[in-house]
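# Structural description and commentary
As a plain string of letters, each chain reads:
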Amino acid sequence: MLKSRTFLKKTRAGGVMKIVREHYLRDDIGCGASGCAACGSAHEGPVLEPQPLDRVSSLCPQPHYLLPDTNVLLHQIDVLEDPAIRNVIVLQTVLQEVRNRSAPVYKRIRDVTNNQEKHFYTFTNEHHRETYVEQLQGETSNDRNDRAIRVAAKWYNEHLKKMSAENQLRVIFITNDRKNKEKAIEEGIPAFTCEEYVKSLTANPELIDRLACLSEEGNEIDSGKIIFSEHLPLSKLQQGIKSGAYLQGTFRASRENYLEATVWVHGDTEDNKELKTAVSEKMLKPTGRVVGIIRRNWRPYCGMLSKSDIKESRRHLFTPADKRIPRIRIETRKASTLEGQRIIVAIDGWPRNSRYPNGHFVKNLGEVGDKETETEVLLLEHDVPHQPFSQAVLSLLPKMPWSITEKDMKNREDLRHLCVCSVDPPGCTDIDDALHCRELENGNLEVGVHIADVSYFIRPGNALDQESARRGTTVYLCEKRIDMVPELLSSNLCSLRSNVDRLAFSCIWEMNHNAEILKTRFTKSVINSKASLTYAEAQMRIDSATMNDSITTSLRGLNKLAKILKKGRIENGALTLSSPEVRFHMDSETHDPIDLQTKELRETNSMVEEFMLLANISVAKKIHEEFPEHALLRKHPAPPPSNYEILVKAAKSKNLEIKTDTAKALADSLDRADSLTFPYLNTLLRILATRCMMQAVYFCSGMDTDFHHYGLASPIYTHFTSPIRRYADIIVHRLLAVAVGADCTYPELTNKHKLAELCKNLNFRHKMAQYAQRASVAFHTQLFFKSKGIVSEEAYILFVRKNALVVLIPKYGLEGTVFFEEKDKPKPRLTYDDEIPSLKIEDTVFHIFDKVKVKIMLDSSNLQHQKIRMSLVEPQIPGISVPTDTSNMEISEPETKKKKLQK
């Protein structure tokens, strides 16, 4: 049956356009109930169990299915995900509303419907002849949808009555909307609130803890007192933003001090640009006040339960691991069991008369301090998708054994005769790239970078592609790797292992011996790597006087060219910065860290880096040439002059001058900044310079005008060389494949708005991966010093603060804070000088880069926030006691002049 509606739409040009929308209604859509003779085999996907007796409800003792409305799906998803809840009908109307209102909840509900053990059935009521409803005149969309849900619930009960009159199988409508519930009962539909139904499941009392708390007001003793001023309604906010009275932006609380936050203002009006200029010139910080929230970013939080002192109380406070998040009030009957455990809690709301937000218990992760538990916590806290790949994703993987066919060779070049090899860190299984270098008959050199052809296995739009795009990047932790793509691809079929044929995308240059590029070409290829080497093994071959085989000859040619390329980049103003990285040596049985040292870099590290950079630049030029509006590129903005203030002052304190006008000026200044009496000074300056940099980001070429990569001194750049672990590279591969005629395009690839949204997610995922990796290093450092006890080591002051010194310990690549104030203790005389910069403690003055000796130990005084504690050993300051508990201390940043943000 076909229904159609006609609309008249006014065009921008002032004309009128007639639009006809067709809506098909069908009779063959199944109800989802297993064994329903009326529907036959019309069911698709997981079906409802024939006699769902898995839960006994005191409200509805007979077999039944559940049919929740939109708000129940949105707010009670934790209840619905529980194993006790099965046989649920999810209406198309409800699913569409959830999709429009919350992408994360929509993803979770899709995962549940794909889980066959849960028996969730999606019923397309909007296309069923007997359940589709038209919107009535004067009826709101919300009221129409509520009516559509009730119509479907009523149809189900009548339909199931015919199917199993003897079993009295029913459908229960679950809604928290009082009016909707009353109308349903009037229409003869059994209806309950989520709380009523959950409390009726006497065999599953633990479900009550997972109920979202949706009360409007808090239950403080002084509940009538308004603690927080009310936010403005959305209508006034929109009006104020439009008039310029308010500025809209993204609120970001400081990771170092929860009492500080910044708001990144969206868009730049001319007035706002002027304000920004004035601020940077006078070193003022504009300040403002939050008057309203357009969209919240609440998520489940990890932490510990602070059990109430009141006996038999079910109301307790939850303390999040993230110190930026306030304590959350929850109700649970399992407080005694949950003490000392890491748990997950979700926020439901924050009444204005309550000191704390309300929330509910979601999940118990395990004991505090347990390695698996703490790893789970840091992944959840940094929003790293780490659940096992779904069956829908795994079903799209190639069937093993897999081999390259004649069809695969179409539009590919056979390069298996080349002496290709890979050079990677030890233990690497996801080998993205391989290299070759050979001399041509004309005396020039052919150099090739061969990258795993991951886009061959991941086709646009399917479940594997969507999951890879969602994850965005592989996350490398100290003992664990969270793959972006399933292991069959990451460690096998896409990994460029030695002595096996692999599909690749090759970037090949013809160069002269001065590393000048004469020709560049790109081709899909098949390669057979002749060796998988570590950096140390490759370096040994290059340095050996006795090895002259084809692999070694290729490596020497690559290394020679790489040195020339690097010299040219640095002369153009590319920055060579330093950031201490640490490597843990693990006990083979306990997997605890037994040694910690900074990573050693060799010439071969730089060799590989140079050719990866060159490939990325070459590909960026090609895809931008072919797709000027739709190329996925990567830029590194130049830092504002104010960012360099700390670096310039630090160098000045050592009688050195750092120029920051351009990247070249900065690079040259850093090269000249050396001291015979202080060999580590240049390294410290470069470490400090990294802290001045802006974040590099992905962007769509059609949505920006500034392409420049500041750190690399390159006018254009992208990521092409790591498609196993970065989704951005997969998109770049697809663009390049279309550009060279090796593959077809598709609509999303040339939609700059969708590409811009994708870049936004990739930038977020990349940032969160970095935070998670740092958190993993911090946790394993804690384990290391827990076993080592108290250690004294030499350190250098990296920053001076109003109440502390931030020091770097070169031996371990470890950064930490030495505090000089403690709560409820006499405070020493502290004098901070911002200009030098320095901190005077009593009569002893400390400057940036001063050498000190510190004592390092694990501070376990706060079980929730264990951290490395550092105290000063040398020089000794008479009368200064070392703080015994630094777990709750905050660094006091130097005060800066503030200017109220006003129009």
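About the thresholds
- Residues numbered from 1 in each chain as written.
- Predicted model: local features only at pLDDT ≥ 70, side-chain atom pairs only at ≥ 80, totals over all residues.
- Heavy atoms only, no water.
- Phe/Tyr/Trp six-rings, centres within 6.5 Å; stacked < 30°, edge-to-face > 60°.
- Helix = DSSP H or I, 4+ residues; strand = E, 2+ residues; numbered from the N terminus.
- Buried < 20%, exposed > 50% of the residue type's maximum accessible area, 1.4 Å probe, protein only.
- Salt bridge = Lys/Arg side-chain N within 4 Å of Asp/Glu carboxyl O.
- Core = buried A, V, L, I, M, F, W, Y, C linked by side-chain atoms within 4.5 Å.
- Contact = heavy atoms within 4.5 Å.
- Pairing = 2+ DSSP bridges.
- Axes fitted to C-alpha atoms, helices over the stretch in contact; angles between N-to-C directions.
- Patch = residues over 30% accessible without salt bridge, like charges linked within 9 Å, V, L, I, M, F, W, Y side chains within 5 Å.
- Areas by Shrake-Rupley, 256 points an atom, 1.4 Å probe, with all protein chains shown as cover.
- Expected span 1.5 Å × (residues − 1).
- Arc of directions from axis to C-beta.
- Polar contact = N/O pair within 3.5 Å; in protein donor to acceptor, adjacent residues only side chain to side chain.

Below, the discussion takes up the packing of aromatic side chains. Tallied over the full model, the rule gives 15 aromatic pairs. Aromatic side chains Phe 228 and Trp 350 sit 5.4 Å apart centroid to centroid with 85° between the ring planes, which places their arrangement in the edge-to-face category. Of this pair, Phe 228 sits in the loop between α7 (194-200) and α8 (234-243) while Trp 350 is found in the loop between β14 (341-349) and β15 (358-367), placing the two residues 122 residues apart along the sequence. An angle of 50° between the planes, with centres 5.4 Å apart, marks the rings of Phe 699 and Phe 707 as tilted. A single burial state applies to Phe 699 and to Phe 707, both of which are buried.

Turning our eyes to something else, we now look at the pattern of salt bridges. Overall, the coordinates contain 52 salt bridges when judged by the stated rule. Here Arg 147 makes a salt bridge to Glu 139, at a shortest N to O gap of 2.9 Å. For Asp 430, the salt bridge goes to Arg 481, with nearest N and O atoms at 3.4 Å. Highlighted residues: Asp 430 in the loop between β17 (421-424) and β18 (433-439) and Arg 481 in strand β21 (residues 481-482), separated in sequence by 51 residues. Relative accessible area serves as the criterion here: at 5%, Asp 430 is assigned to the buried category. Taken together, the shared-partner salt bridges connect Arg 299, Asp 322, Arg 324 and Glu 381 into one network.

This part takes up unusual backbone geometry. A cis geometry characterises the amide bond from Met 400 onward to Pro 401, with omega recorded as 0°. Checked against the element boundaries, Pro 401 lands in the loop between α12 (391-394) and β16 (413-414). Here the residue pair Ile 836 and Pro 837 is connected by a cis peptide bond, since its omega of -15° sits within 30 degrees of zero. Within the secondary structure layout, Pro 837 lies in the loop between β32 (830-833) and β33 (838-841). Within the chain, Asp 383 stands out as a residue other than glycine whose phi angle is a positive 55°. Counting through the fold element by element, Asp 383 comes out in the loop between α11 (371-381) and α12. For Asp 383, a relative accessible area of 35% translates into the label partly exposed. Here the phi dihedral of Glu 842 falls at roughly 55°; this positive angle occurs in a residue that is not glycine. With respect to the helices and strands, the residue Glu 842 is situated in the loop between β33 and β34 (844-847).

Core analysis: the biggest nonpolar cluster contains 87 residues, and Leu 489, Trp 509, Leu 555, Phe 611, Leu 632, Phe 720 and Ile 731 have the highest contact counts within it. Sequence-distant contacts of Ile 731, that is, excluding residues within four places in its chain, are made with Leu 632, Tyr 746, Leu 749, Leu 755 and Leu 758. By size, the runner-up hydrophobic cluster in this structure holds 54 residues, among which are Ile 109, Ala 153, Leu 160 and Tyr 197.

Let's shift gears to the sheet that holds β33. Taken together, the three strands give an open sheet; going across it, the order is β32-β33-β34, and neighbouring strands pair in antiparallel fashion. If you trace the sheet from one side to the other, it starts and ends with β32 and β34, each paired once. Averaged over all pairs of adjacent strands, the angle between strand axes in this sheet comes to 20°, irrespective of strand direction. Pairing geometry for β32 and β33, over four bridges, is antiparallel. Paired with Tyr 832 across the two strands is Leu 839, which belongs to β33.

With that out of the way, let us pick up a nonpolar patch on the surface. A surface patch of nonpolar side chains, amounting to about 350 Å² of accessible area, comprises Phe 251, Val 263, Val 290 and Ile 293. Looking at the element boundaries, Ile 293 is found in the loop between β10 (285-287) and β11 (301-306).

Below, the discussion takes up helix α4 (residues 103-114). The periodicity of an α-helix, 3.6 residues per turn, causes residues three or four positions apart to be oriented the same way. When the terminal C-alpha atoms of α4 are compared, their 17 Å separation across 12 residues agrees well with the 16 Å that a helix rising 1.5 Å per residue should span. For α4, every residue scored as buried is listed here: Val 105, Tyr 106, Ile 109, Val 112 and Thr 113. Buried residues of α4, seen end-on, are gathered within an arc of 120° and therefore sit on one face of the element. In α4, the exposed residues that point more than 90 degrees away from the buried face are Ala 103 and Pro 104. Buried residues belonging to α4 abut α1 (70-75), α2 (77-81), β4 (88-91), α3 (92-101) and β5 (120-123). Two or three places before Val 105, at the start of α4, stands the capping residue Ser 102, its side-chain oxygen 3.3 Å from that residue's backbone nitrogen.

For the rest of this paragraph, the subject is the side chain of Arg 686. Position of Arg 686 relative to the elements: it lies in helix α20 (residues 681-692). Arg 686 gets classed as buried once you look at its relative accessible area, which sits at 12%. Setting aside chain neighbours within four positions, we find Arg 686 in contact with Thr 576, Leu 577, Ser 578, Leu 670 and Asp 671.

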